[in-house]
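If you want the building blocks of each chain, they are given just below.
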Amino acid sequence: MNYCASCCQPDTRPQIIFKDGICGACLWEEEKKKIDWRGRELHLKEIAEVAQDKARQRGTYDCALGVSGGKDSLFTALYAKLKLHLNCLLVSAAPDQITEVGQRNFDNLVNHGFDCIRIFVNPDVAKRLMREEFIKYCHFRKANEFPLWASVYTVAKEKNIPLIIQGENAALTLGASKNMNIDWDASTIYKTNTLGGEDAIKHFSYAFPNQLFLFKYPDLSDWDGKAIWLNYFVKEWSQHGNAQFSMARGLQIRDDSLDAIGRIHKWTSLDSDFHIVSQMHKYFKYSFGFVTDEVCYDIRENRLSREEGFELIKKYDGKCDRKYIQKFCDFIGIPEEEHWRILKRFVKYDPWNRWQEMSII
Ligand SMILES: [Zn+2]
């Protein structure tokens, strides 16, 4: 396992690119310094104006935004509404077992003055698919991410909305761009790591073939619109910046200890405890967890040194409170011992000996 010479990015991240020992995310951070941000802002305004003209002729919303209610959602929604003056429709696929703080944040977002469509997947379908994906691939989030990403494209197409605004292109900020666009175009989102360019109906063909309508990414060939990444256009987009912006506008954060959530900031994964479990799985599968992502963002923004980053990784990465593991096991219907047995099949390398600390078999 090798790390980027500039941050703590490991070469085990799927789709990561490296150039002369530097990861794709650090290369993007360098590129950001040379970008004509004023030019990109004007380009964004032009896209927004074209969308507004089309929407007024069609009698529909100017843009659709895929949101969860977290810090990036609030930043993106208010940017579209207040800076671009767009009439927005929020579209959200509700997570299974939404947390109380997640629900409060979602309500706070809508209460900033938005119409919203919220989609709920049948929990029986979600449970079965999450269990199967965990057993087969140790990647249960795939079952959640199809409806999460597909919903805004489906709604925009159905309502003939000419613009979709998404927040952060992870191909840029995580450097995982082997199969992804690194420009403004967010219409190829189905190629992301988690979706892998797959057709949901084919992927989940083993179960519920006639109940996966919310999972299907639509054919956009006859949709006359654009889907864009906001972080391509906006210089101030950042994890810290979005969190500060959103907390000042009502976003509430977690009150867990850092050990319980395996992260160094309490402003992520607010609406789902299962995301904390999935990051613990990621740690065992790829030998890095969410703290690695967080410290890398902070190092690139000069908030941490690389050495401090590794110290925090050593202390917190891959951690997850037992109560979240039990909640996950209860939801998908497997005993906790079985969870550990399945996970053990996927452990490749455990740099900080979490298995000793956490496992029960
Ligand atoms: Zn790097």
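Computed from a predicted model, the values in this text were never measured in an experiment.

Basis of the calculations
- Residues numbered from 1 in each chain as written.
- Predicted model: local features only at pLDDT ≥ 70, side-chain atom pairs only at ≥ 80, totals over all residues.
- Heavy atoms only, no water.
- Donors = N, O, S within 2.8 Å, 3.2 Å for Na, K, Ca; no water.
- Tetrahedral: all angles 85-135°; square planar, octahedral: opposite > 155°, others 65-115°.
- Helix = DSSP H or I, 4+ residues; strand = E, 2+ residues; numbered from the N terminus.
- Buried < 20%, exposed > 50% of the residue type's maximum accessible area, 1.4 Å probe, protein only.
- Phe/Tyr/Trp six-rings, centres within 6.5 Å; stacked < 30°, edge-to-face > 60°.
- Lys NZ or Arg CZ within 6 Å of the ring centre and 35° of its normal.
- Pairing = 2+ DSSP bridges.
- Axes fitted to C-alpha atoms, helices over the stretch in contact; angles between N-to-C directions.
- Contact = heavy atoms within 4.5 Å.
- Salt bridge = Lys/Arg side-chain N within 4 Å of Asp/Glu carboxyl O.

**Q** Help me understand the coordination of the zinc ion in this model?
**A** Octahedral six-donor coordination of a metal ideally yields angles of 90 or 180 degrees, compared with 109.5 degrees for tetrahedral four-donor coordination. Protein-derived coordination of the zinc ion comes from Cys4 (SG), Cys7 (SG), Cys23 (SG) and Cys26 (SG), at a distance range of 2.3 to 2.4 Å. Of note is the zinc ion, whose 4 donor atoms meet at the metal with angles of 101 to 114° in an arrangement that counts as tetrahedral. All donors of the zinc ion belong to a single chain; written as a sequence motif, their spacing is C-x2-C-x15-C-x2-C. Taken together, the residues Cys7 in the segment before strand E1 (18–19) and Cys23 in strand E2 (residues 22–23) connect sequence positions 16 residues apart. You'll find Cys7 and Cys23 in the same group, each marked buried.

**Q** Explain the packing of aromatic side chains to me, please; I cannot follow it from the model alone.
**A** Within a pair of aromatic rings, the relevant descriptors are the distance that separates the centres and the angle that separates the planes. Applying the stated criterion to the full structure yields 17 aromatic pairs. The interplanar angle of 80° and the centroid separation of 5.1 Å between the aromatic rings of Tyr232 and Phe233 together place this pair among those described as edge-to-face. Of the residues examined, Phe233 reaches a relative accessible area of 1% and is grouped as buried. An angle of 85° between the planes, with centres 5.6 Å apart, marks the rings of Trp340 and Trp355 as edge-to-face. Placement of Trp340 in helix H16 (residues 336–344) and of Trp355 in helix H17 (residues 354–358) is noted, with a sequence separation of 15 residues between them. No difference in accessibility class separates Trp340 from Trp355, as the two residues are buried. Through pairs of rings, three or more aromatic residues link up here, namely Phe134, Phe140, Phe274, Phe328 and Phe331. The positively charged end of Lys136 is found above the aromatic ring belonging to Tyr206, 3.7 Å away from the centroid.

**Q** It is not clear to me how the sheet that holds strand E7 (residues 226–229) should be interpreted in this structure. Could you clarify?
**A** One open sheet accounts for 5 strands, arranged E5-E4-E3-E6-E7; its pairing is parallel. At either margin of the open sheet sits one strand with a lone partner, and together these are strand E5 (115–119) and E7. Averaged over all adjacent pairs, the angle separating strand axes in this sheet is 25°, with direction ignored. Contacting strand E3 (63–66), strand E4 (88–93) and strand E6 (163–166), helix H3 (residues 71–83) crosses the sheet at an angle of about 165° to E3. Packed onto the sheet, helix H6 (residues 142–158) meets E3, E4, E5, E6 and E7 and runs at close to 145° relative to E4.

**Q** Would you mind showing me how to read unusual backbone geometry here?
**A** Where the residue is not glycine, phi is negative for most of them; where a peptide bond is considered, it is trans in most cases. Positive phi is not limited to glycine here, since Asn160 has a value of about 60°. Following the sequence through the fold, Asn160 ends up in the loop between H6 and E6. With a phi angle near 55°, Asn353 is a residue other than glycine that sits in the positive phi range. Checked against the element boundaries, Asn353 lands in the loop between H16 and H17. Residue Asn353 is classed as partly exposed on the basis of its relative accessible area of 48%.

**Q** How do you make sense of the pattern of salt bridges when you look at a structure like this?
**A** Oppositely charged side chains can form a pair if their charged atoms are brought close together. In the structure shown here, the tally under the stated rule is 24 salt bridges. One salt bridge in this structure joins Asp224 and Arg58, with 2.9 Å as the shortest N-O distance. Of this pair, Asp224 sits in the loop between helix H8 (200–203) and E7 while Arg58 sits in helix H2 (residues 37–58), and the two are 166 residues apart along the sequence. In this structure, Arg141 and Glu145 form a salt bridge, with 3.0 Å as the shortest nitrogen-oxygen distance. One exposure class covers both Arg141 and Glu145, and it is buried. Among the charged side chains, a network of salt bridges with common partners joins Arg254, Asp256, Asp273 and Lys327.

**Q** Explain the pairing of E6 here, please?
**A** Residues Leu163 and Ile165 line one face of E6 and the alternating positions Ile164 and Gln166 line the opposite face, and both faces are buried. As paired strands, E3 and E6 are joined by 2 bridges and run parallel to one another. Bridge assignment links Leu65 to a residue of E6, and that residue is Ile165. The pairing of E6 with E7 spans 4 bridges and is classified as parallel. What sits directly across from Gln166, in E7, is Trp229.

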